[in-house]
Amino acid sequence: MKSYFSTNRVLAWTIAAVAIATIFFACKKEVTTDTAGANENDNNTLLVASHETQINAIYGDMFTSMAIIAKSQGQVITGRQASFTEDYANQLACPSVIISSTDVNVWPKRISVDYGDACKDNFGVTRSGKLIIYMSGRLFAPNARIGIHTENYKYNGIPVSGKDSIYDITLDLTSGVQYTTEITGGKVSYGDSLIVGYNSKKTVKQVQGIGSPTPDDDTYNITGSASLSYEKGGPAGSATIATLSPLLKAAACAWISQGQLKVEFNSISAVIDYGNGVCDNKATIVVNSDKVKEISLK
């Protein structure tokens, strides 16, 4: 069955993207003894932290795109469909969606989402190539497994590859929604000179709005870890990322509003701080406890 559907950019339950600017520190205290090498290591760690925030959001957008497409094809279980019905971008007849079967008794299903050469939504995001989705059951159905694969896929012109696996899904009136999302073989190419490898595993757990009739008051905690390395270009070495305190994502807010991630790169530590619960588009990266850069989330 073939249909056309335009996706949106509401990154529900995912980490928001950061606009990476030039490397610049606003220091908490005057630095008089740093060597050039130390400053370089600090700047490299800031670069890694910035890439982590952006790449995490790119793969988060893949999850949201999958959820919107699943909703458009009737493949979300009753009760959670409203989570993906708002703010759709409807101005273009894209992407093209082909589902292997609409029969509710036929599983697994394969959904091909073809964005063509360029499919731009109302929020300014342009996608191209394909996402291939495999579903063993409807989205948020208990014990369903979902895989999202890429075929020549690009996000705003950035080539993205890898697989997102969604599993350990539970949903009930007592504990709400919970699931695990795992990125394997991730690769993001910033032109020919910079290629970043990425893997992550996160648990998303509903903490507010459980049992309510609408998702407007839903809030989710996100915990987990990731690894990042530069396969071409960029600083030598690999980074690990882990949750210091759960990231808080409310359905009513476009951004992560609370929580911290710790980034370790070549013996240098950085903390990405999303704030204290206020809904705004700001986060802070702190390196070695004394250098800080504010970033804008988009």
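Residues numbered from 1 in each chain as written. Predicted model: local features only at pLDDT ≥ 70, side-chain atom pairs only at ≥ 80, totals over all residues. Heavy atoms only, no water.

Considerations on the confidence of the model for the protein chain
Spelled out, the test is: In predicted models, pLDDT denotes the confidence assigned by the predictor to each residue on a 0 to 100 scale. Secondary structure counts use DSSP, requiring at least four H or I residues in a row for a helix and at least two E residues in a row for a strand, with both numbered from the N terminus. The criterion used for residue contact is that any of the two residues' heavy atoms lie within 4.5 Å.
A residue-level look at the protein chain finds 82% of positions with pLDDT of 70 or above and a mean pLDDT of 81. Put simply, strand β2 (residues 26-27) is where the protein chain has its lowest mean pLDDT, 28, and strand β7 (residues 146-155) is where it has its highest, 98. Note that residues 1-36 has pLDDT below 50 and, in this model, 133 contacts with residues that lie over four places away or in other chains. Scored below 50 in pLDDT, residues 80-91 shows 38 contacts in the model against residues more than four places distant or in partner chains.

Topic: the packing of aromatic side chains
The test is simple: Aromatic pairing here means that ring centres of Phe, Tyr or Trp (its six-membered ring) are within 6.5 Å. Orientation follows from the plane angle: under 30 degrees is stacked, over 60 is edge-to-face, and everything else is tilted.
Under the criterion given, the structure shown has four aromatic pairs. Ring geometry for Y59 against Y198: centres 6.0 Å apart, planes inclined by 5°, an arrangement best described as stacked. Linking Y59 in helix α1 (residues 36-72) with Y198 in strand β10 (residues 195-208), this pair joins segments that are 139 residues apart in sequence. Among the aromatic residues, those joined into a ring-pair cluster are F63, F140 and Y179.

Comments concerning the pattern of salt bridges
Our working rule: When a carboxyl oxygen of Asp or Glu lies within 4 Å of a side-chain nitrogen of Lys or Arg, that pair is called a salt bridge. Burial status follows relative accessibility: with a 1.4 Å probe on protein chains alone, a residue under 20% of its type maximum counts as buried, one over 50% as exposed, and anything between as partly exposed.
All chains considered together, the criterion is met by five salt bridges. The closest approach of N and O atoms between K291 and D42, which form a salt bridge, is 3.1 Å. One end of the pair, K291, is in strand β16 (residues 291-296); the other, D42, is in helix α1, with 249 residues separating them in the sequence. Judged by its relative accessible area of 3%, K291 falls in the buried class. For K187, the salt bridge goes to E231, with nearest N and O atoms at 3.4 Å. Of this pair, K187 sits in strand β9 (residues 176-189) while E231 sits in strand β11 (residues 219-232), placing them 44 residues apart in sequence. Overall, K187 belongs to the partly exposed group, its relative accessible area being 33%. Several salt bridges converge on common partners, so that one network encompasses D61, D121 and R127.

Regarding the side chain of S200
The residue S200 is located in strand β10 in this model. Excluding its chain neighbours within four sequence positions, the residues that come into contact with S200 are T181, E182, I183, S225 and A226.

Notes on the environment of T240
As for its placement among the helices and strands, T240 is situated in strand β12 (residues 238-250). Residue classification places T240 among the partly exposed residues on the basis of a relative accessible area of 46%. Measuring from C-alpha to C-alpha, the distance between T240 and K262 comes to 8.1 Å, with 22 residues separating the pair along the chain. Contacts of T240, omitting those with residues within four sequence positions, involve A226, K262, V263 and E264.

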